[in-house]
Amino acid sequence: MKRVFSQQCEELVIKVVQRFEHSTSAIMSSPVSSEQTKTKRPSSSKFRQQQLPAWQPILTAGTVLPTFFVIGVAFIPVGIALLTFSGNVQEVVKEYTQCNSIDPAHNNATCDEVLSSPNHTAATPCTCHINFNVTESLNGRVYMYYGLTNFYQNHRRYVKSRDVNQLMGQTDSALSDCSPFATADKKPIAPCGAIANSLFNDTFELKMLSSAGAELAVPLVRTGIAWPSDKKYKFENPPGPLTADGAFKNTAKPVNWKRAVYELDPAHPENNGYENEDLIVWMRTAALPTFRKLWARVNESAETFKHSLPAGEYRIVVSYAYPVTSFGGTKRIILSTTSLLGGKNPFLGVAYIVVGCICLVLGVAFLIIHVKYGKRGTDTITNRTDWSGH
Amino acid sequence: MAAGTAAADDGDDMETSGSPASGQSSPAEGNGETIEMCRRGSEDPEVAEVLTRQPATAKERLLAGARRVFRLKEPPPPETERRIRANDLEYNSQFQYANNFIKTYKYTVLTFWPLNLFEQFQRLANFYFACLLVLQLIGPISSLTPITTLLPLLGVLSVTAAKDAYDDYQRHRNDRQVNNRVSLVLRHGKLTREQWSNVRVGDVIRMENDQFVAADLLLLSTSEPNGLSYIETAELDGETNLKCRQALPATAELGQDETLLGKFDGKINCEPPNNNLNKFEGTLEWNGKKFALDNDKILLRGCVLRNTQWCYGVVIFAGRDTKLMQNSGKTKFKRTSIDRLLNVIILGIVGFLLLMCLFCTIACGIWETVTGQYFRVYLPWDALAPEGATAGATVTALLVFFSYAIVLNTVVPISLYVSVEVIRLMQSFLINWDLAMYHEKSDTPAKARTTTLNEELGQVQYIFSDKTGTLTQNIMVFNKCSIAGKNYGDFIDPVIGEVIEPTEDTQAVDFSANDMYEPSFRFFDQTLLDAVNSGDEDSHMFFRLLSLCHTVMPEEKDGKLKYQAQSPDEDALVSAARNFGFVFLSRTPSSITIRTPRGEEEHEVLCILDFNNVRKRMSVILRHGGKIRLYCKGADNIVFERLGNVEPETKARTEEHLQKFAGEGLRTLVLAYKELDDAYFEEWKKRHHEASVSLVERDEKLDALFEEIEKDLVLIGATAIEDKLQDGVPQTIANLILAGIRLWVLTGDKQETAINIGYSCQLLTDDLQDVFVVEGHTMQDVEAELNRCMDDLSRPSADAKAHQHKQSLSVVTFSSVRSAASDEGYGHDTPEEDPTSNASGSGGFALVINGHSLIWALTSKLERLFLDVACQCQAVICCRVTPLQKALVVDLVKKHKKAVTLSIGDGANDVSMIKTAHIGVGISGQEGLQAVLSSDYSIAQFRYLERLLLVHGRWSYYRMCKFLRYFFYKNFAFTLCHFWYSFFCGFSAQTVFDPMFIAVYNLFYTSMPVLALAVFDQDVKERQSLTYPKLYTPGLRDLFFNKLEFFKSATYGFVTSLVLFIVPYGTYKDAVSPEGYTISDHQLFGAVVATVLVVVVTMQICLDTTYWTWLNHLCVWGSLFTYILLQFFYNYVLGGVYVGSLAMAMSEANFWFCTLLTVIVLMVPVLAWRFYFVDLHPTLADLVRAKQREDKAQKRRMDEFQRTPSARRRGRSVRSGYAFAHQEGFGRLITSGKMMRRPPPLASLSMFSLGRSGASSPRADTQVTFCAEPSSVSMGGGHGDR
């Protein structure tokens, strides 16, 4: 029985192979020679005779030198333009790692010290103020970023410490990569993993100080900060209402978190759960240990800040809850406009100008070399029958 | 453990089963070594033939393991003795002998996967990657999802599996074909048609003419008298001449009486299955009598029955027990120098990989200590790491070692071996497909029988060539002769009255008056025919001898008389005699019938003193008209020594003629005869009989007897046979020498003729300063002669250098030419000049060494000296060499020179050298199949060698090197990005790229363009390769791919990866999009670097591609398109985690600026570098390319440059000299009476058949003659045994 089966299988395979052979041979050989005479004469197709028509570019002074010059001539203006764009971006960067607590109880200690003091409780965040002066109004849309240094969001174990399926709303995911932040109290942590657990939780308020000392809160929008594609494809709440008994039933909050995932943004009910934009931004791990992440946008609909952040005195009220000094990290807050090309970054502009210049120099150098020493084409070869033999 | 050693290890002691062959049938001089017939796993010759027609897939490496396994499954039965009872199925079945079912396939549908996988994992490379796969499954180590290794590994495994499956399917098909052949088996006294596979041991089967023998048979009876049968063993050992087998007289009487045969119940006791083709021992017990059985009564599977209408035999060995199947030759798996280099390089890469891992481990330890341990707030250590700071950091760092081994493993490219083999396979196809190497006349295309050596064809430094059949056509033409001191055969132009060389159009002598003439025979001297017709006694004696003194067998085919000769020389002589009216009609063991112009003569054969290589002569003793005469023909010096009182003038004239013939490169033989006294002969015959039956020193005694009788001969004359040179040989040799290849001719010719042919094929030229001849007989002589050559060589080489220096001053372009020649490719380092390469122009040296000197030159004491001398010579001719010496010479060069050697030959005597050399080329010529079957490449004509090397070899080498350079470059550029990234991610083995990208980078994204390059790229057109043979030199000097080139590629890859990392790093550090989104995240960065990488390596292949066919365009642009397509398909459709990253990147301008910048930054230096060399130090290839382009632009007609083989042929035919055939003749068969035939029913031969008594009852007739000539039987037998 078994044997019959195997024979049948063999025949089937052989049939398939035969058909395959047939079709390939039809492609490979010209029909003329194969059918009529049983000669072993190879087909004379251009493919088989390696005679396919072909473009054969060669390096000559006529092509290479102009290339250099064109690159040079094109790159320098592009570089200048890039530099200009980058230069037009206005940016205010304030480091606040060591800012002092405003709470008199803390005795003018830095918030960092407060946080690391043994009697500090997580429930009472340390508050500190960053005052700064914007000399030139920031034109256009203004974005507020927080920046961290020496924070290894790109560490292998960190990057992998998440569960893609859980974030897509699947409640039965194994969370195997999340260890040791997979479960708490025998309940799965939502969202699990080291990334989520280390969610940046400083909060900021931006205030414009009038000369009279009055504070005008700059309206900040905390939505629209995550990539649309992330929101669309990568983060989805489990079905059910975003409550402890609903979508996140039988889950634990991450160890470091003060609030559960469904309470992340009390102001906007829909901006909660895995779809919380702050979380989404954080979950898109940075490529480098020094990074910035979008925290909020200045609301343009407010009258005063319609097209710019006017020059003047500003204060950022920081609710300081995120310790970084233990591993030598720092925290920054950045206010920035963008250009057509994004943020401030002179790298490309400079690089283009440098490369353009090098190409021009190369072009000139090769031109001189070519004119002075270059072998002129084929006259040399024809003169040198001595080594060709023919 | 490296992938590299993998290939190295299991390549070497490869065992491939192949069909055997042997000297069973070849009484050829000492060439008894087993000739492996087919290097692939085909046991049946027919299978072999079918298989070899397939492009040799040469997957021996892969199959080896399984073959071993396969063998283990079927251990040879512990049989000590085989007992068979004919026609007794029941009795025989108790021993469970193998039936005749042939199984060469390895898998069935069910066993394919397990077996094939097991096989494949025996390959170290695959095993290495399997280990990596396992590492990746370990959580704490795994830095990549296992899929990154799994996917390519699956790809590689399935490609190989598909190939294996296809191969096995072919085997299945062949097996089926063979097993389903029908043979006639006697079952229950009746002939029934059975498939071969159903034939069992003990069956009596009937074979018919021209059928393959189905199994090893004991011959019972045949249609021929005396139970004779003739077989052809061409499929076994490549020899086309017939061999003869004889049944026991007792069984022969069974005839074809099926009832008798059906009742035949002989008991056979014989040796167990073994692989000795020449020996068989056993006994037959039948009717109460015991008969001894030997090899003469056995028909082996694989032979073809010829000239025998039918025969019956008992199956003794069937299926896998047949001698054919038992033979499995060992073939040393040949690997190219690039393969070996690759292994070294890959070992180096693995070392480099481990170094990087080590570096990362240490760096990780430091990082964990300095930063990591404090970062534990957010990222605790792995569960495996202990809590203590130092201990934890250490353990983490150690784990990272393996993680990096996984991440960086892609520098050892898993797809390298597969790609290389695919490329070689394609290149082999291109060789097989080449019309320019297709020989129209013989309908033979060139064929790459081994697909793994192609690029080595581009690096050949030494060619060892056989002469006969390789340089020459091995067609012998009776050209001239000297009869009684008179010279015949020169063609005198009737107009100018001078001797000229006849051409195709020259009017040949008309022989049509003779009804037995052959139209193909052309002779240009009418005077000889006139002399014969006028009854000139000398010329009659001359041709009578030619028609009598030989071992040719007559045969009638299609009503015409044909001759079957052992050597083409004999054939030429006998057919010359035939055309001049002395027609050899037939022979019986005791008589030869010829027709002379005066009528038919029957000569009684008294004795045949056969030819052998020591005697260099053959004689027959015949009685005719009451007179006993000895006719002798042989090598000139041998026969001259044995002449009696000859007229000194005639002798001198003949010698003069011989000189002249040899000078024209003709093979010469001297003819003589002697009248014998009756009484003396009787006495001699008695002694001869005694000697031939004596058990001690029989050969010596016989030789002495022969020596005694072959003296005081009377000179008749001398013959001169022309050995025609193949088409285009001189031009090919000249071009190969110009390409820098040394050609050594190894020939059995004598010295003068060898030198002569050396000149005629332009191996030796008049430009040569000196031709050294080494011909010493003792070690001292040889040493002295070699030392003298050495002195001569070292002296003028200084002069030559001075000369050259002068030349370089006077010729302005000279220096750049030199550098051009040596700077081919990127290499611009001047390799040290060896003195001989200068000599190629003018005034080189050549060495001619004799076989007897070679014996000493090849001793360990002198071999270095010999080699030094020989390698400084432009041409070397070794004459009078044996097949073994041929192999030794090749081996000497192979051993001491790090050079690629190629042997080319066509005959059995070349097999050893073909197998020894790095590359063996077989000429599918006239001398059977052995050379081709043991070769790596087969071509139909010597002149195709030029194209094989200069075009295909060069291209293959060029392409393979380009491929390898690019391949390493792209993998370094790819993998080292991770290394740079490690500095930013805390040495945590985080990858830059999407794991999916890593998995398919080599497989999908970058494989096609480089494969297209490696198959189609041409730097210069083929005709330029032939026009400028110097284009070949880069291959000779390993310039295109060597350690330095690898280092350059790797460094360039290294730099590329750095740029690939730094430019996006600069661009995306703290980057935000115009909409304010942060776009400096890891996934986007990875996607950008990956994309730029793909673009950059694709641009690099664009720069590298010099020959853009539409296929290249398709592959290059298609591959870019595929990348984008697959990225989006994978991320959006399959749900990859990197979803959106690339789209986000591509939607904003920075990405494009970044890509352009990276491409320009990486391409401009390459462009500048290459342009610098093209402009200032152009290689020959560069110049030729430029010229090619110019020509094209000017639409100049290129045809004038094309040198078609026909245009290159010269009208004049060139000659060679030779002495005699290599092999012994049919002497033994003739005299033993076995060659008796039924009279040919040919009308034109009727007279002679009437001359034979009792033609209607041949058996009785033979019996009589047989008995009448006992002495000649034993005499011949004794002689032939030697």
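S.K.: Give me the confidence of the model for chain B: which residues, what numbers.
M.R.: In low-pLDDT segments, the atomic positions of the prediction should not be examined closely. Residue and element names in this part refer to chain B. Looking at chain B, the pLDDT average stands at 77 and 80% of residues meet or exceed 70. In this model residues 1196–1225 is a low-confidence stretch, pLDDT under 50, and it forms 94 contacts with partners more than four residues away in sequence or in other chains. Low pLDDT, under 50, characterises residues 1234–1282; the stretch is placed with 101 contacts to residues that sit more than four places away or in other chains. In the model output, the complex is listed with pTM 0.75 alongside ipTM 0.89.

S.K.: How would you summarise the packing of aromatic side chains if you had to cite specific residues and measurements?
M.R.: Per the stated rule, a full pass over the model turns up 99 aromatic pairs over all chains. When the ring of Phe375 of chain B is compared with that of Tyr378 of chain B, the centres are 6.1 Å apart and the planes differ by 65°; the resulting orientation is edge-to-face. By the burial criterion, Phe375 of chain B is buried, and Tyr378 of chain B matches it. Above the face of the Trp227 of chain A ring, Arg284 of chain A is positioned so that its terminal group lies 3.6 Å from the ring centre. Above the plane of the ring of Tyr91 of chain B lies Arg85 of chain B, whose end atom (NZ or CZ) is 4.1 Å from the centre.

S.K.: Describe the environment of Leu82 of chain A, naming the residues involved and giving the relevant values.
M.R.: Here Leu82 of chain A shows up in helix α3 (residues 61–88). The buried category is assigned to Leu82 of chain A, whose relative accessible area is 5%. Taking the C-alpha atoms as reference points, Leu82 of chain A and Leu65 of chain A, 17 residues apart in sequence, are found 26 Å from one another. If we ignore the near neighbours within four places in the chain, the residues touching Leu82 of chain A are Leu341, Leu348, Gly349 and Tyr352 of chain A together with Phe1153 of chain B.

S.K.: Talk me through the sheet that holds strand β1 (residues 91–95) of chain A; I want residue IDs and the actual numbers.
M.R.: The strand order across the open sheet built from 5 strands is β1-β13-β4-β10-β9 (chain A), with neighbouring strands paired in antiparallel fashion. Looking at the sheet topology across the chains shown, the edges are occupied by β1 and β9 (220–221) of chain A.

S.K.: Describe the state of the cysteines, naming the residues involved and giving the relevant values.
M.R.: Taken as a whole and assessed by the stated rule, the structure comprises 3 disulfides over all chains. The partner cysteine of Cys178 of chain A in its disulfide is Cys192 of chain A, sulfur to sulfur 1.9 Å. With Cys178 of chain A in the loop between α6 (164–167) and β5 (183–184) and Cys192 of chain A in the loop between β6 (187–188) and α7 (193–197), the pair connects residues that are 14 residues apart, well separated along the chain. Each member of the pair, Cys178 of chain A together with Cys192 of chain A, is buried. By sequence-ordered numbering of the bonded cysteines, chain A has its disulfides arranged as 1-4, 2-3, 5-6. With no disulfide of its own, Cys789 of chain B lies closest to Cys873 of chain B among cysteine sulfurs, the gap being 7.0 Å. Residue classification places Cys789 of chain B among the buried positions, given a relative accessible area of 1%.

S.K.: So what's going on with the interface of chain B and chain A? Which residues, and what values?
M.R.: Accessible area lost on assembly of the parts is the figure often given for the size of an interface. Taken together, the contacts link 131 residues of chain B with 115 residues of chain A. Between chain B and chain A, the buried area comes to about 10,500 Å², and carbon and sulfur atoms account for 64% of it. Inspection of the region where chain B meets chain A yields 3 salt bridges. Note that Arg41 of chain A and Glu440 of chain B form a salt bridge whose closest N and O atoms lie 2.8 Å from each other. There are 35 residue pairs in polar contact (both at pLDDT 80 or more) connecting chain B and chain A. Per-element accounting of the side of chain B that touches chain A gives the leading share, 18 residues, to helix α41 (residues 1149–1176) of chain B. Among the residues making up the side of chain B that touches chain A, the classes are represented as 72 nonpolar, 35 polar and 24 charged.

S.K.: Give me the lowdown on the side chain of Asn345 of chain A, citing residues and values where you can.
M.R.: Its place among the elements puts Asn345 of chain A in the loop between β13 (330–336) and α10 (347–373). At 2.8 Å, the side chain of Asn345 of chain A and the backbone oxygen of Gly1066 of chain B are in polar contact. Setting aside residues no more than four positions away along its own chain, Asn345 of chain A makes contact with Ser86 of chain A together with Gly1066, Thr1067, Tyr1068 and Lys1069 of chain B.

S.K.: Before we move on, can you summarise helix α19 (residues 648–663) of chain B with the specific residues and values?
M.R.: All names here are of chain B. The end-to-end C-alpha separation of α19 is 22 Å, in line with the 22 Å expected for 16 residues at 1.5 Å each. Taken together, the buried positions of α19 are Thr650, Thr654, His657, Leu658, Phe661 and Ala662. Seen from one end, α19 has its buried residues packed into an arc of 135°, which puts them on one side. For α19, the exposed residues lying more than 90 degrees away from the buried face are Pro648, Glu656 and Gln659. Each element contacted by the buried residues of α19 is listed here: β16 (472–483), β17 (486–488), α18 (636–641), β27 (666–676), β28 (714–725) and α23 (751–760).

S.K.: I'd love a proper account of the sheet that holds strand β12 (residues 312–320) of chain A, names of residues and values included.
M.R.: Residue and element names in this part refer to chain A. The strand order β2-β12-β7-β8 describes an open sheet built from 4 strands, whose pairing is antiparallel. Strand pairing shows two members of the sheet lacking a second neighbour, β2 (126–134) and β8 (215–217), which therefore form its edges. When strand polarity is set aside, the average angle formed by the axes of neighbouring strands in this sheet is 30°. Relative to β12, β2 runs antiparallel, the two being bridged by 9 bridges. From the neighbouring strand, Asn133 faces β12, where its bridge partner is Glu313.

S.K.: Account for the pattern of salt bridges, naming residues and giving values.
M.R.: According to the stated counting rule, one finds 47 salt bridges over all chains in the structure shown. One salt bridge in this structure joins Asp202 of chain A and Lys331 of chain A, with 2.6 Å as the shortest N-O distance. Placement of Asp202 of chain A in the loop between α7 and β7 (203–209) and of Lys331 of chain A in strand β13 is noted, with a sequence separation of 129 residues between them. The pair Asp202 of chain A / Lys331 of chain A is uniform in exposure class, with both members buried. Residue Arg954 of chain B is joined to Asp1019 of chain B by a salt bridge in which the shortest nitrogen-to-oxygen separation is 2.6 Å. Highlighted residues: Arg954 of chain B in helix α32 (residues 944–982) and Asp1019 of chain B in the loop between α34 (1007–1016) and α35 (1022–1027), separated in sequence by 65 residues. According to the relative accessible area criterion, Arg954 of chain B is buried, its value standing at 3%. Residues participating in the shared-partner salt-bridge network are Arg617, Glu641, Arg642, Glu707 and Glu710 of chain B.

S.K.: Explain unusual backbone geometry residue by residue, including any values.
M.R.: Cis geometry marks the peptide bond from Ser179 of chain A to Pro180 of chain A; its omega dihedral reads 0°. Cis peptide bonds are those with omega within 30 degrees of zero, and the linkage from Ala190 of chain A to Pro191 of chain A qualifies with -10°. Considering the arrangement of structural elements, one finds Pro191 of chain A in the loop between β6 and α7. The backbone of Ala484 of chain B shows a phi angle near 50°, a positive value even though the residue is not glycine. With respect to the secondary-structure elements, Ala484 of chain B resides in the loop between β16 and β17.

Calculation criteria
- Residues numbered from 1 in each chain as written.
- Chains lettered and ligands numbered in written order.
- Predicted model: local features only at pLDDT ≥ 70, side-chain atom pairs only at ≥ 80, totals over all residues.
- Heavy atoms only, no water.
- pLDDT = per-residue confidence, 0-100.
- Contact = heavy atoms within 4.5 Å.
- Phe/Tyr/Trp six-rings, centres within 6.5 Å; stacked < 30°, edge-to-face > 60°.
- Buried < 20%, exposed > 50% of the residue type's maximum accessible area, 1.4 Å probe, protein only.
- Lys NZ or Arg CZ within 6 Å of the ring centre and 35° of its normal.
- Helix = DSSP H or I, 4+ residues; strand = E, 2+ residues; numbered from the N terminus.
- Pairing = 2+ DSSP bridges.
- Disulfide = S-S within 2.5 Å.
- Buried area = accessible area lost by both parts, 1.4 Å probe.
- Salt bridge = Lys/Arg side-chain N within 4 Å of Asp/Glu carboxyl O.
- Polar contact = N/O pair within 3.5 Å; in protein donor to acceptor, adjacent residues only side chain to side chain.
- Nonpolar A, V, L, I, M, F, W, Y, C, P; charged D, E, K, R; others polar.
- Expected span 1.5 Å × (residues − 1).
- Arc of directions from axis to C-beta.
- Axes fitted to C-alpha atoms, helices over the stretch in contact; angles between N-to-C directions.

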